[in-house]
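What follows is the residue order along each chain.
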Amino acid sequence: MQRIYLILFALAIASNGASGHESAAVKADIEIVEKLGQNIPSDAMFTDENGKKINLKNFIDKPTIVAPIYLECTHECPLLLSGLADVIGKLDLVKPGKDFQVIALSFDNQDTPKIAAEKKVNYIKLINKPFPPDAWKFLTGDEANIKKFTDSIGFKFQRDAEHEFSHPITLVVLAPSGKIIRYIEGTTFLPFELTMAITEAAQGRIGSPVRKALLYCFSYDPQKKSYVFNILQVTGIVMILFVGSFLAYLLISTKKKKGSF
Amino acid sequence: MEASFYAAKGRYPGILGWIFATDHKRIGLLYLMSTLSFFFIGVLLGLTLRLELMRSGMHLYSAQTYNAIFTLHGVIMIFFFIIPGIPASLGNFIMPLQLGAPDVAFPKINILSWWLFMTGALLAITSLFTGGGAPDTGWTFYIPYSVRTGTNISLAVFGVFLIGLSSTLTGMNFLTTIHRLRAPGMTWKRLPLFTWAIYATGWVQLLATPVLAITLLLIIIERFMGVGFFDPAKGGDPILFQHMFWIYSHPAVYIMIIPAMGVISDIIPVFARKTIFGYAAIAVSSLAIAFFGYLVWGHHMFTSGMSDTARIIFSLLTFLVAVPSGVKVFNWVASMYRGSIKVDAPFLYALGFIFLFSIGGLTGLAQGALSTDLHIHGTYFIVGHFHYVIFGGAVFGMFAGLHYWYPKMFGRMYEEHLAKLAFVVLFIGFNVLYFPMFISGYLGMPRRYYDYLPEFNGPNLVSTIGSWILAMGLFILFYNLFHSLIAGKKASSNPWGGATLEWQTTSPPPHENFDKTPEVTKGPYTYH
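Because the structure is predicted, anything quoted here is derived from the model rather than measured.

Per the secondary structure count, chain B includes 15 helices and zero strands. In terms of overall dimensions, chain B has C-alpha extents of about 65 × 50 × 45 Å along its principal axes. Residue burial in chain B is summarised as follows: out of 528 residues, 64% are buried. A fraction of 82% describes how many contacts in chain B between residues 6 or more apart in sequence connect residues 24 or more apart. Summed over its atoms, the accessible surface of chain B is roughly 18,900 Å², and 71% of this surface lies on carbon and sulfur atoms. With 29 positive and 20 negative side-chain charges, chain B shows a separation of 8 Å between the mean positions of the two kinds.

Now the structure itself:
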């Protein structure tokens, strides 16, 4: 029992930690307003770590995990990105560059492609597995474009100082059409959670039968914010009903005529 | 009089007439031969384990090989030998005869069960030589190791899954047979106690085995699809696995021991020439064990992380399950009181059962109590305990049954002196082998380890010497049984003077068991 309390305690801390820095000035409007099913704007322009201009919506042509962060952050953003790198290394069923891609998008208009390129090298290394560099972009942009994007995903943050923000911690999973499919909060992620979100984001265009089966067996519970599997309870009840009806069958139905053999 | 079932012409000649047989007696013998073959392999593996552990620091093979061998010893002995051992072999052969039935209710499902059993066993054996090598998780397949190890777990687990399916089908088949195919006059109160035991076992098989099947399937899904049911790194719960595993595997202990108790209940009155004491109490206690046995699985997990409330309840239920077991032991002893006892081999093995099972059962209570369990959990005390219960109990019960029904099954008698000699050697070897484990375990020697501290050298050396004596006893026992197949004297139809129906037909019985359907007019243990 003590162990369960410990886990609950840890969870409570983790969920508190999901909303940026705890500075007295904030609290006002730092949150995620989930906009599931809505689309990101079609005209938001950003610059990637190589200095190339890209249109975000056009760029998203496969399921995409977006991590809104700022590059000079020394608190949760590095945790979020390393958590993300860690889990990407553990994904077996989905292949980066083919089934999905990743974007770290800075909401600090003072971040530059140069810093982005430096950060990218580090996090790609953290994945600990061969990874196509084009499948993870680090984007920066100006204030207007950032606001267009963050408003569209309901991501409310505020600048506290020169390089300091209060902001929510979350991943946003987008479909190839730019539709918002799933928010995954926190800084550590389960491979299964991410695989399921990517699979859902593929919107039916899934090749692997294993992933089709997963999609069939699990559903997302928005209250618990996790994927649930009820088969244990179901099979338990089915088994008891089965055994009960077998006993009933043995007791009730007419006996074979004795001596007929 | 009809010819025996050995001579009956079936649909197929020769060996096909056996492996496609639908006659319950042939299927029973198929099971007997296959499970005994696995038993011999298990014994050989056990002997090498004992040799490896003879002295600290002395190594016959690598630690990885040791892990694979103790896993194999456990899996083979539990899943391939003792779970199907009594119910599927002796149960198949004897239970329909005791009912006065011509066969089981579903003869084709009966042979299907054997095929499933053999397929499962062959798959599990294949897993030793393919993939990442022999499984090394122990017979309990504990998570998270079993989803992470590179060895060939999935195939072995699937093999065990098939064996579980076979066990469920056998259970359903026997339950239907006992409900439907009793001869005229064979009321529930005239059912021999062995058949009562098979009946209780059938319900356990039906209710518990599907849980094992589900658990093993979840492991396979977890290994192939990466879904986190049990592995904490994937968001699963390893304790959930332990719960599900023991929800099956504790009742499985009763699948092993209840039929053995049934054998003993049938043997004692015959050799004491006296009706059984407390017939109803013994029959009901089988059902009570089956019922309570289903609710005590948590006692395997006292140190795994559970609330105190749960642990106290599991501990209480564990004590309760000792009550029906105690009822049986007292009734057997009371049945012998003032009987005119004839000490033949089956009776000796039955006495051995009562003695060894009592030690096994009483040491079980030491583990059922929370405070002592924390001290001895994971030590050789546990190894000693379950060998006393499973080997000293279930397997001695099976040997008792084998000697008791041998003349009925094969139509010949074995050499009585040799059988007694085998018992004495086996009994001495058994205690020399397993008793020191209680001592080394109590002193803190952990189980499953490849090596140990020099201070445990003494009890381990004694154990290893015991294993050689035990092997000698087994050799004499089976030499006698196999040799007598050819050289034994012809047996009469009722050499022990039993009153149950299997003794009222020829030895061996004809194809459909009885020349004409028997009418039952008295109880199974009425001798005058």
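Next comes the rest of the write-up.
Here we come to the overall build of chain A. Each helix and strand in chain A was counted, giving eight helices and 13 strands. Relative to its 261 residues, chain A shows a buried fraction of 44%. Here the analysis covers contacts within chain A between residues at least 6 apart in sequence; of these, 73% occur between residues at least 24 apart. Accessible surface, chain A: about 13,600 Å² in total, of which carbon and sulfur atoms supply 59%.

Any two side chains of opposite charge can pair, so long as their charged atoms come close to each other. Taken as a whole and judged by the stated rule, the model has 15 salt bridges over all chains. In this structure, K114 of chain A and E118 of chain A form a salt bridge, with 3.6 Å as the shortest nitrogen-oxygen distance. With a gap of four residues between them, K114 of chain A and E118 of chain A both fall in helix α4 (residues 113-126), about one helical turn apart. With a relative accessible area of 47%, E118 of chain A lands in the partly exposed category. Here D344 of chain B makes a salt bridge to K342 of chain B, at a shortest N to O gap of 2.8 Å. On the basis of relative accessible area, D344 of chain B is assigned to the buried category, the value being 10%. Each member of the salt-bridge network shares a partner with another, and the members are D48, D134 and K137 of chain A.

Within the largest apolar cluster, 188 residues are counted, with the highest numbers of intra-cluster contacts made by F39, F79, F141, W332, Y349, F353 and F399 of chain B. Every residue in contact with F353 of chain B, bar those within four places of it in the chain, is listed here: I257, A260, M261, I264, W332, S358, G392, G393, A394, F396 and G397 of chain B. Ranked by size, the runner-up nonpolar core spans 60 residues in total, among them I40, C73, A85 and V94 of chain A.

Further remarks concern the packing of aromatic side chains. For the coordinates displayed, the defined rule picks out 73 aromatic pairs over all chains. Between Y12 of chain B and F20 of chain B, the aromatic rings sit 5.5 Å apart at their centres with planes inclined by 50°, giving tilted as the arrangement. Judged by its relative accessible area of 37%, Y12 of chain B is partly exposed. For F20 of chain B, a relative accessible area of 41% gives the class partly exposed. Aromatic side chains F158 of chain B and F161 of chain B sit 5.8 Å apart centroid to centroid with 20° between the ring planes, which places their arrangement in the stacked category. With F158 of chain B and F161 of chain B both in helix α6 (residues 153-180) and three residues apart, the pair spans about one turn of that helix. What makes F161 of chain B buried here is its relative accessible area of 17%. One residue, R180 of chain B, lies across the ring of Y249 of chain A, its end atom 4.9 Å from the ring centre. The ring of Y527 of chain B has R273 of chain B sitting right over it, with the charged end atom 4.7 Å from the ring centre.

A few words now on the sheet that holds strand β5 (residues 101-106) of chain A. Strands in a sheet are paired, the pairing made by backbone hydrogen bonds, and the direction either parallel or antiparallel. Residues and elements named next belong to chain A. Ordered by their spatial adjacency, five strands build an open sheet running β6-β5-β4-β10-β11, and the pairing between neighbours is mixed. Since the sheet does not close on itself, it has two edges, and those belong to β6 (136-139) and β11 (180-185), each with one partner. In this sheet, neighbouring strand axes are inclined to one another by 20° on average, regardless of whether the strands run parallel or antiparallel. In this sheet, β6 lies alongside β5 in parallel orientation, the contact comprising four bridges. Looking across to β6, one finds that L105 is bridged to L139. This element, helix α3 (residues 76-88), spans β4 (64-69), β5, β6 and β10 (170-174) of the sheet and lies at about 160° to β4. Relative to the sheet, helix α6 (residues 191-201) contacts β4, β10 and β11, its axis offset from that of β11 by approximately 170°.

A contiguous nonpolar surface patch, about 480 Å² in accessible area, is contributed by Y12, I15, L16, F20 and W115 of chain B. If you trace the backbone, I15 of chain B turns up in the segment before α1 (16-19).

Given a rise of 1.5 Å per residue, 13 residues ought to cover 18 Å, and the 18 Å separating the end C-alpha atoms of α3 of chain A matches this to within 8%. Those residues of α3 of chain A that sit buried are E76, C77, L80, L81, G83, L84, A85, V87 and I88 of chain A.

What follows covers the environment of T506 of chain B. Residue and element names in this part refer to chain B. Residue position: T506 is located in the segment after α15 (457-487). Overall, the relative accessible area of 16% leaves T506 in the buried class. Taking the C-alpha atoms as reference, T506 lies 7.6 Å from S492; in sequence the two are 14 residues apart.

This paragraph deals with the environment of K274 of chain B. Residues and elements named next belong to chain B. Secondary-structure assignment places K274 in the loop between α8 (238-272) and α9 (279-293). When the C-alpha positions of K274 and T526 are compared, they lie 7.7 Å apart, and in sequence the two are 252 residues distant. Not counting residues within four places of it along the chain, the set of residues in contact with K274 comprises P269, A334, S335, Y337, R338, G339 and Y527. Engagement of the side chain of K274 in a polar contact is seen with the backbone oxygen of Y337, the distance being 3.2 Å.

Glancing now at the packing of α6 of chain B against helix α7 (residues 193-225) of chain B. Residues and elements named next belong to chain B. Two numbers describe how α6 lies on α7: the axes approach to 7 Å, and their chain directions differ by 155°. Looking at the two axes, α6 sits roughly antiparallel to α7. Relative to α7, α6 is oriented so that their crossing is left-handed. Its residues assigned to classes, the contact of α6 with α7 comprises 20 nonpolar, 11 polar and one charged.

Residue and element names in this part refer to chain B. Locating G466 in the fold gives a position in helix α15. On the basis of relative accessible area, G466 is assigned to the buried category, the value being 0%. Taking C-alpha positions, G466 is 18 Å from I359, a pair spaced 107 residues apart along the chain. Excluding its chain neighbours within four sequence positions, the residues that come into contact with G466 are G429, V432 and L433.

All right, on to the side chain of H385 of chain B then. In this structure, H385 of chain B sits in helix α13 (residues 380-410). We classify H385 of chain B as buried; its relative accessible area is 14%.

Another point: α6 of chain B. With 28 residues, α6 of chain B should cover 40 Å at 1.5 Å per step; its first-to-last C-alpha distance of 41 Å lies within 8% of that length. Most of α6 of chain B is tucked away: 24 of the 28 residues are buried.

What follows covers the packing of α8 of chain B against helix α11 (residues 345-368) of chain B. All names here are of chain B. Put simply, α8 and α11 touch, their axes get as near as 9 Å, and they point 130° apart. Between α8 and α11, the angle falls in the class oblique. When you trace α8 past α11, the crossing you get is left-handed. For the pair α8 and α11, the contacting residues are I257, A260, M261, I264, I267, I268 and F271 in the first and P346, F347, A350, F353, I354 and F357 in the second. Looking at the contact of α8 with α11, its residues break down into 13 nonpolar, no polar and no charged.

Residues and elements named next belong to chain B. S507 connects to P508 through a cis peptide bond whose omega is -15°. Checked against the element boundaries, P508 lands in the segment after α15. For R273, which is not glycine, the phi dihedral falls at a positive 50°. Position of R273 among the secondary structure elements: in the loop between α8 and α9. If you check the backbone angles, R448 has positive phi at about 75° while not being a glycine. On the secondary structure map, R448 appears in the loop between α14 (416-442) and α15.

Basis of the calculations
Residues numbered from 1 in each chain as written. Chains lettered and ligands numbered in written order. Predicted model: local features only at pLDDT ≥ 70, side-chain atom pairs only at ≥ 80, totals over all residues. Heavy atoms only, no water. Helix = DSSP H or I, 4+ residues; strand = E, 2+ residues; numbered from the N terminus. Buried < 20%, exposed > 50% of the residue type's maximum accessible area, 1.4 Å probe, protein only. Contact = heavy atoms within 4.5 Å. Areas by Shrake-Rupley, 256 points an atom, 1.4 Å probe, with all protein chains shown as cover. Lys, Arg positive; Asp, Glu negative; His and termini not counted. Charge placed at Lys NZ, Arg CZ, Asp CG, Glu CD. Salt bridge = Lys/Arg side-chain N within 4 Å of Asp/Glu carboxyl O. Core = buried A, V, L, I, M, F, W, Y, C linked by side-chain atoms within 4.5 Å. Phe/Tyr/Trp six-rings, centres within 6.5 Å; stacked < 30°, edge-to-face > 60°. Lys NZ or Arg CZ within 6 Å of the ring centre and 35° of its normal. Pairing = 2+ DSSP bridges. Axes fitted to C-alpha atoms, helices over the stretch in contact; angles between N-to-C directions. Patch = residues over 30% accessible without salt bridge, like charges linked within 9 Å, V, L, I, M, F, W, Y side chains within 5 Å. Expected span 1.5 Å × (residues − 1). Polar contact = N/O pair within 3.5 Å; in protein donor to acceptor, adjacent residues only side chain to side chain. Parallel < 35°, antiparallel > 145°, perpendicular 65-115°, else oblique. Left-handed = near helix turned anticlockwise from the far one by under 90°. Nonpolar A, V, L, I, M, F, W, Y, C, P; charged D, E, K, R; others polar.

Keep in mind these numbers describe shape, not what the thing actually does.
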